[in-house]
Structure formats: C-alpha cells, structure tokens
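Listed below, chain by chain, are the residues.
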Amino acid sequence: MNKTSYNVDKKGFYGPYGGAYIPEMLYPNIKELEEKYLGIIESESFRTEFHYLLRDYVGRPTPLYFAKRLSDRYGSNIFLKREDLNHTGAHKINNTVGQIILARHLGKHRIIAETGAGQHGVATATVCARAGLNCIVYMGALDVERQAPNVRKMQMLGAEVIPVHSGNKTLKDATNQAIRDWINNPVDTHYIIGSVVGPHPYPDMVTRFQSVISEEMKVQLTEKTGRDYPDVIMACVGGGSNAAGAYYHYLHNEQVRLLSVEAAGKGVDSGESAATSTLGSDGIIHGSRTLLMQDVDGQITEPYSISAGLDYPGVGPIHAWLKMSGRAEIINVTDDEALHAAYLLSKLEGIIPALETAHAVAALDHVKPDPEQNIVINLSGRGDKDMEAYTENLPNKI
Ligand SMILES: *Cc1c(COP(=O)(O)O)cnc(C)c1O
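What you see is a predicted model, and the numbers here were worked out from it, not measured in a lab.

Asks: How would you explain the overall build of the chain if you had to name every residue and give the values?
Replies: What the chain contains, in helices and strands, is 16 helices and 14 strands. Whereas a compact globule of 398 residues would reach a radius of gyration of roughly 21 Å, the chain reaches 20 Å, a difference of no more than 12%. Counting only C-alpha atoms and orienting by the principal axes, one finds that the chain spans roughly 55 × 45 × 45 Å. Taking all 398 residues of the chain together, the buried fraction comes to 58%. Considering only intrachain contacts with a sequence separation of at least 6, the fraction spanning at least 24 residues in the chain is 74%. Of the roughly 16,300 Å² that the chain leaves accessible, carbon and sulfur atoms contribute 50%. Here the chain holds 38 positive side-chain charges and 47 negative ones, and the gap between their average locations is 3 Å.

Asks: Give a detailed account of the site of the ligand, specifying residues and quantitative values.
Replies: Near the ligand you find 17 residues, and of these K92, S195, G238, G240 and S241 are the closest. Between the ligand and the protein, one listed contact pairs an oxygen atom with a side-chain N or O atom of K92 at 2.7 Å. Note that an oxygen atom of the ligand is positioned 2.7 Å from one of the side-chain N or O atoms of S241. Here the ligand has 380 Å² of accessible area as a free molecule, and 96% of this is covered by the chains. Each residue belonging to the shell around the ligand can be placed in one class, and the counts come to three nonpolar, 12 polar and two charged.

Asks: How would you sum up the pattern of salt bridges? Please name residues and give values.
Replies: Pairs can form between side chains of opposite charge once their charged atoms are near each other. For the structure shown, the criterion picks out 19 salt bridges. Across the salt bridge formed by R60 and E83, the nearest N and O atoms sit 2.8 Å from each other. With R60 in the loop between helix 2 (44-58) and strand 3 (64-66) and E83 in the loop between strand 4 (77-81) and helix 4 (92-105), this residue pair connects regions lying 23 residues apart in the sequence. Using a relative accessible area of 5% as the deciding quantity, one classes R60 as buried. Under the relative-accessibility criterion, E83 is labelled buried at 0%. The salt bridge partner of K266 is E272, with a shortest N-O separation of 3.4 Å. One network of salt bridges, in which partners are shared, links R60, K81, E83 and E216.

Asks: Can you tell me about the side chain of K108, naming the residues and giving the values?
Replies: Note that K108 resides in the loop between helix 4 and strand 5 (110-115). The exposure class of K108 is buried, given its relative accessible area of 6%. Within polar-contact distance, the side chain of K108 engages the side chain of E32 at 2.8 Å. Setting aside its immediate chain neighbours within four residues, K108 contacts E32, A103, L133, P186, V187, D188, T189 and H190.

Asks: Which residues make up helix 9 (residues 202-210), and what values do they have?
Replies: With eight of its nine residues buried, helix 9 lies for the most part within the structure. Of the positions making up helix 9, those classed as buried are Y202, P203, D204, M205, V206, T207, F209 and Q210.

Asks: Requested: an account of the environment of G271, with residues and values cited.
Replies: Looking at the secondary structure, you find G271 in the loop between strand 10 (257-265) and helix 12 (276-279). On a C-alpha basis, the gap between G271 and I111 in space is 37 Å, while along the polypeptide they are 160 residues apart.

Asks: Break down the sheet that holds strand 3 for me, with residues and values.
Replies: With respect to topology, six strands assemble into an open sheet ordered 3-4-14-9-10-13, the strand pairing being mixed. Edge positions in the open sheet fall to strand 3 and strand 13 (328-334), since each of these has one partner strand only. On average, each strand axis in the sheet is inclined to that of its neighbour by 25 degrees, with strand direction left out of account. For strand 4 and strand 14 (residues 374-378), the ladder comprises five bridges, and the chain directions are parallel.

Asks: Please set out the domain arrangement of the chain residue by residue, giving values where relevant.
Replies: If you check the domain split of the chain, you get domain 1 (26-54 + 92-206) and domain 2 (59-90 + 210-393). One C-alpha centre belongs to domain 1, the other to domain 2, and the line joining them spans 23 Å. Across the contact, 25 residues belong to domain 1 and 28 residues belong to domain 2. For domain 1, the biggest contributors to the area lost against domain 2 are L54, N94 and V196; these three give 26% of the whole. Between domain 1 and domain 2 we count 10 residue pairs in polar contact (both at pLDDT 80 or more) in total. Mapped by element, the contributors of at least two residues to the side of domain 1 that touches domain 2 are helix 2, helix 4, helix 5 (119-131), helix 8 (171-184) and helix 9.

Basis of the calculations
Residues numbered from 1 in each chain as written. Predicted model: local features only at pLDDT ≥ 70, side-chain atom pairs only at ≥ 80, totals over all residues. Heavy atoms only, no water. Helix = DSSP H or I, 4+ residues; strand = E, 2+ residues; numbered from the N terminus. Rg over C-alpha atoms; globule rule 2.2 N^0.38 Å. Buried < 20%, exposed > 50% of the residue type's maximum accessible area, 1.4 Å probe, protein only. Contact = heavy atoms within 4.5 Å. Areas by Shrake-Rupley, 256 points an atom, 1.4 Å probe, with all protein chains shown as cover. Lys, Arg positive; Asp, Glu negative; His and termini not counted. Charge placed at Lys NZ, Arg CZ, Asp CG, Glu CD. Near = heavy atom within 4 Å. Polar contact = N/O pair within 3.5 Å; in protein donor to acceptor, adjacent residues only side chain to side chain. Nonpolar A, V, L, I, M, F, W, Y, C, P; charged D, E, K, R; others polar. Salt bridge = Lys/Arg side-chain N within 4 Å of Asp/Glu carboxyl O. Pairing = 2+ DSSP bridges. Axes fitted to C-alpha atoms, helices over the stretch in contact; angles between N-to-C directions. Domains from an automatic or database assignment. Buried area = accessible area lost by both parts, 1.4 Å probe.

The structure is reproduced here in structure tokens:
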C-alpha cells in the first residue's frame, strides 16, 4: 500500500505544498544549496561538529520535565520539552548552529538573515560571532523600534542591523530585502532563514536541524514511560519550526496525535488574528506554495497576534500538508487564553514561558486529556523577552 508520506519529496514538495517558486535571479543560489545540502549535513564531519555544538554550546539534550502540578490540574501526564533552556532562550539556535556549519562547508563568509521580533536575528548573530563571520540582519523599521532590546543584543554580538523602510516596515519587508541582498551577493553569502518556510530546500533543511527535539524525546520518553512515543504532542506554530522538530520522528507513527496551536489573536473571526491554517487558502509566499491569509485578490492580509513570533501570514508547507491530509489537528488560541496560560504555568511550575509557547500550554483547555495519556508540550522558549507584555496585560483571574 502507498502510505501517505509527510516528508519532503525529491522535488521539494509535501503533497501539493512547498516547491521553489523563485525569481530567476535567485536560481543559482537555490540550485547550489539544493544540490549540496544533503551531502553536507549527512557527512560525518558535519554531524560530529553539529552534535558537539548542540551539547557544549547550546546545552543539549534539553530536559523532558514531568510537570506534576500541571498534570494534576488537567488529569493526565504532562511532560514539558524544555527548549526554553537552550542558549539564547529558544529552539531557534538549533537551526542557526546547523546553518552556520553548512555555510562554512559551502565556503561562504558573509551571513544575512531576516528577523521580526528579533529572536532569530539574535540566534543568527550569536553563531556568527562564534564563527567570526560577518552578519547582516534585515529588520523592518517598525520592528527595530518595537524590539529595541533584541536590536541591542544583535549589535553587541557584532551584527549589523539594517532597518527596512519599505512596505509595512515589518517581517515581510525585511524578508524581501534579505532576498534582494542575496541576489546581489550569490557567491560569498549564505541566507539563514529562521523557520520551515521559504523555497525548497529550506523547509526540509530547517526541519532536519530541529528534529533533534523529537530524537531526544524518544530516548527520554523511553526512560520515563517505558515507551518511546507519547499519545499527544502539542506545539505552537508560527512558521512551524519548533513544531516540525517536535513531530519529526513521529510523523509516520499514527498512534501519536499531533496538535498544532495557532494564534487566534483577538478571535479567529475578529479580523485581528494569525490563525493562518484556519483562515488561509492556497497561495505562494516567500518561494513556496502553502496556506496563507489573503484577500480575494490574493493580497496578503496583515496578521495579528500579541506574540510577535506567531504573527506570520503563512505557515511552512509541511504544516499545510499535515493539516490538509488530516495528520495534524489545528487549535486556535486567543491572546487572552495565552496570557492566562503563561500565568498558570508560572504559578504551578515556576516556569515563565515565551508568549508564543504560552499558546501551546493554553491549548490544554481545548483537548480533553485522558488520565492515562502522556502529553508532551514543546516549550519553545522562555519569557524574559515578554515581561513587558505580561505586566501590561495582567489576566484578571487565574
Ligand atoms: C520564533 C518563535 C516561535 C515561532 O517559530 P516557529 O518556527 O513556528 O517555531 C515559537 N516560539 C518561540 C519561543 C519563538 O522564539
């Protein structure tokens, strides 16, 4: 029987989604990457260095923590995969560590990246500092103002932050500017994309770097539960890289329920939301076919979420396919529910999550967990960067 595959095919597609819809001028860059990425990342020398850096620099393996009080509250066994304990505070560093080693193997000595809230920019500036490579981060001028602490971090790490004044002056415009730079510098520059988005091979490459999350989960669950898989995995989805990493080794194990949590903002139908898979339709954004929020003329609709990391109008093509094939279920969580969950996790477990991550925790209220079930929540990042939002938006009752 032909079982459905959730991995990328030879042409870069997940079902009908993915591919590389790029301007001709970008073709040489993408072609080089596509031809070389698998050979490099599967080589012995790459794997040795990647695993060495994940251990000694990033701090892996991250713990799989049994959250006793949270479990008592919901009446099931809830484990937290602690990506918040990584160096720089989130899962994003797994990907940038992989891509910086790849860049060296490709002979590139100049790195560019786009960033919205600045988390990916910081993770990129961090690995560039360590590698002694030039780092240029494009960031919408509005985001430069809104995310000043991350701008200062990138600068302290030696990166040049270039504000982008076109369009809405946010992430989409920064991405366009990074692509323009790459077209002009095809020989010496590598573009580090921050999620499982963009043209093939980026979605597959970033998924592979993040798959260390589920690789560790298998070992840790065996130790703690006697079985290498959980009943449920829950993860928040912006572009979808932490979710893709947490799902990867379980994609074809249908005993594992995959719950993807998207930001509903002020409500799915409020007109102020980032519930991309629910509201989106087929289209092309940043080089791949996927589900995206657009109007009847195909113009991209501005997304909204209290959390900057989930505020993206598309999703990675793997997530479009996981949804449309029925493999993953989508849960929509509002700003208020996420704030509430952030306070709940802080009070019950002593862990202040990132606002993005709080969406995944809030989704517990949407599932009816069974007392026997083992649930893993991927705790994508820590809340230091969100303290201002938390103090300004105290939920009234916990
Ligand atoms: C960037 C970010 C996300 C969203 O990105 P994905 O690619 O969907 O994982 C989620 N959580 C945290 C903490 C982030 O920094």
